[in-house]
Amino acid sequence: MREYRIAAIPADGIGKEVIAAGLDVLRVLEEREGGFRLAVETFPWGSDYYRRHGRMMAEDGLERLRVFDAIYFGAVGDPQIPDHVTLWGLRLPICQGFDQYANLRPARILPGIKGPLAGCGPDDLDWIIIRENSEGEYAGNGGRVHRGLPEEVATETAVFTRTGVARIMRFAFETARSRPRKKLTIVTKSNAQRHGMVMWDEIGAEIAAEFPDVAVDKELVDAMTTRMVLKPQSIDVVVATNLHADILSDLAAALAGSLGIAPTANLDPSRRFPSMFEPIHGSAFDIMGKGIANPIASFWTGALMLDHLGEKGAAARLMAAIERVTAAGSVLTPDLGGSATTRDVTEAVCDALRTANT
Ligand code: IPM
Ligand code: MG
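Peer 1: Looking at this structure, how should I read the overall build of the chain?
Peer 2: The secondary structure content of the chain amounts to 11 helices and 12 strands. For 358 residues, the compact-globule formula gives about 21 Å, and the C-alpha radius of gyration of the chain, at 20 Å, lands near that figure. Considering the chain as a whole, with its 358 residues, one finds that 53% of them fall into the buried category. For the chain, the share of sequence-separated contacts (at least 6 apart) that also reach a separation of at least 24 residues comes to 76%. Element-wise, carbon and sulfur atoms account for 53% of the exposed surface of the chain, whose accessible area totals about 15400 Å². Of the charged side chains in the chain, 39 are positive and 47 negative, and the gap between their average positions amounts to 2 Å.

Below, the structure written as structure tokens:
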């Protein structure tokens, strides 16, 4: 029996609800598959922990997580605590401490889901956005002087390193190579930002030479937003900086039907450290505790995690079960126009897993 150690960190808001739902689905999948076991340990870190202990996670948090095979993460964010405190106290230390430099964000219109673009169906929108996840605009490099005075100055300097750009490019080209269409779009803003972004373009061109089988093109980030809306079929894999891909991936999630569906994987492709898997949607305090959060993003996130662990068959069967439920269309949460609860959708996916014949 293959065993994987999973650290679950539900954290804040609906993160708690959707991770619980995700673990229920993973249990049913594990029973059905038979070949592997997930040894799950849940950590109580997040904003409630902060209120009690003055920190978002235990002081030796990273040490404790290091031994796990993967981290299954909910969401951080709390209306009473500034976002930069919650984020820099939990999620970013894990991403940066474990060198999870490749953030993979699939966006696809699942069967039965209607996106906002007229005439755009599952065959027209099937993308993977690769986000640089270790530096760039999120490097935390900057400062403030003369606080509160009229002459106050703040800087927020993006940091791009050749190593950082080259490794994310290589990862993006490899991802593109693994897909049927083998297309990669490199997004920058090198017309206006003439240092870091021009280096991105140069490194992209250098690495492209190693992947002659991948069709590559370039797009400026502003033009990319229009292309995503007007010509979704022309896109396959996209690579962009930390901030650009953050913005593009929200647009991608909305175009694919709902932020409640979109999953993400924070990967350390070298596998020195555990990778972290989370839904994109965030803590969504407005719907917390109502039992109506869409758990599909956390199920899809679970499939990405199984895929990374090498359980490709189980990952594919989980995706198939999710798609059976969306295609049937009768059990959908309010963000998708339905009236089902988190529990209803969870049960429907568990049933689809139990009754699947492959
Ligand atoms: C995301 C989120 C985060 C980010 C927020 C919560 C800081 O928007 O994962 O896309 O910008 O990285
Ligand atoms: Mg975002």
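Following the structure, the description resumes.
Peer 1: Hey, could you run me through the side chain of D268 in this one?
Peer 2: Among the secondary structure elements, D268 is positioned in the loop between strand 11 (263–267) and strand 12 (275–279). For the buried D268, which has no salt bridge, the nearest side chain bearing the opposite charge is R272, at an N-O separation of 4.6 Å. Here the side chain of D268 touches R272 through a polar contact of 2.9 Å, landing on its backbone nitrogen. Not counting the four nearest positions on each side in its chain, D268 is found in contact with F98, D99, Q100, F273 and S275.

Peer 1: I tried to follow the site of ligand 1 on my own but got confused; where do I start?
Peer 2: Around ligand 1, a shell composed of L87, R91, R105, R131, Y138 and D246 is seen. One nitrogen or oxygen atom from the side chain of Y138 is found 2.6 Å from an oxygen atom belonging to ligand 1. Counted by class, the shell around ligand 1 contains 2 nonpolar, no polar and 4 charged residues.

Peer 1: Looking at this structure, I do not really get the sheet that holds strand 9 (residues 215–220). What am I missing?
Peer 2: Pairing between the strands of a sheet is mediated by backbone hydrogen bonds and can be parallel or antiparallel. Spatially, 10 strands are ordered 2-1-3-12-11-4-5-10-8-9 in an open sheet, and the strand pairing comes out mixed. Two strands close off the open sheet at either side, each with one partner strand: strand 2 (36–42) and strand 9. Strand-to-strand twist in this sheet, taken as the mean axis angle between neighbours without regard to direction, amounts to 25°. Alignment of strand 3 (residues 70–75) against strand 12, held across 3 bridges, turns out to be parallel.

Peer 1: Please explain the domain arrangement of the chain as it appears in this structure.
Peer 2: How big an interface is tends to be expressed through the accessible area that disappears when the partners come together. Per the domain assignment, the segments of the chain are domain 1 (1–101 + 270–358) and domain 2 (116–255). The gap between the C-alpha centroids of domain 1 and domain 2 is 25 Å. Opposite the 8 residues of domain 1 that make contact, domain 2 presents 10 residues. Buried surface at the junction of domain 1 and domain 2, summed over both partners, amounts to about 820 Å²; 53% is from carbon and sulfur atoms. When the buried surface of domain 1 facing domain 2 is broken down by residue, Q96, Y101 and I280 rank first, second and third, together holding 61% of it. Across the salt bridge formed by D99 and R167, the nearest N and O atoms sit 2.9 Å from each other.

Peer 1: Just to check I follow, could you spell out the pairing of strand 11 for this structure?
Peer 2: Side-chain direction in a regular strand flips from residue to residue, so the side chains alternate between the two faces of the sheet. Counting buried positions along strand 11 yields 5 of 5 residues, so the element is predominantly enclosed. A two-sided burial pattern is seen for strand 11, the buried positions comprising P263, A265 and L267 on one face and T264 and N266 on the other. Bridge analysis of strand 4 (residues 102–108) against strand 11 gives 3 bridges, and the strand direction is antiparallel. Of the residues in strand 11, the one forming a bridge with N103 is N266. Sheet topology places strand 11 next to strand 12; 4 bridges connect them, and they run antiparallel. In the sheet register, A265 faces strand 12, and the bridge partner there is F277.

Criteria and cut-off values
- Residues numbered from 1 in each chain as written.
- Chains lettered and ligands numbered in written order.
- Predicted model: local features only at pLDDT ≥ 70, side-chain atom pairs only at ≥ 80, totals over all residues.
- Heavy atoms only, no water.
- Helix = DSSP H or I, 4+ residues; strand = E, 2+ residues; numbered from the N terminus.
- Rg over C-alpha atoms; globule rule 2.2 N^0.38 Å.
- Buried < 20%, exposed > 50% of the residue type's maximum accessible area, 1.4 Å probe, protein only.
- Contact = heavy atoms within 4.5 Å.
- Areas by Shrake-Rupley, 256 points an atom, 1.4 Å probe, with all protein chains shown as cover.
- Lys, Arg positive; Asp, Glu negative; His and termini not counted.
- Charge placed at Lys NZ, Arg CZ, Asp CG, Glu CD.
- Salt bridge = Lys/Arg side-chain N within 4 Å of Asp/Glu carboxyl O.
- Polar contact = N/O pair within 3.5 Å; in protein donor to acceptor, adjacent residues only side chain to side chain.
- Near = heavy atom within 4 Å.
- Nonpolar A, V, L, I, M, F, W, Y, C, P; charged D, E, K, R; others polar.
- Pairing = 2+ DSSP bridges.
- Axes fitted to C-alpha atoms, helices over the stretch in contact; angles between N-to-C directions.
- Domains from an automatic or database assignment.
- Buried area = accessible area lost by both parts, 1.4 Å probe.

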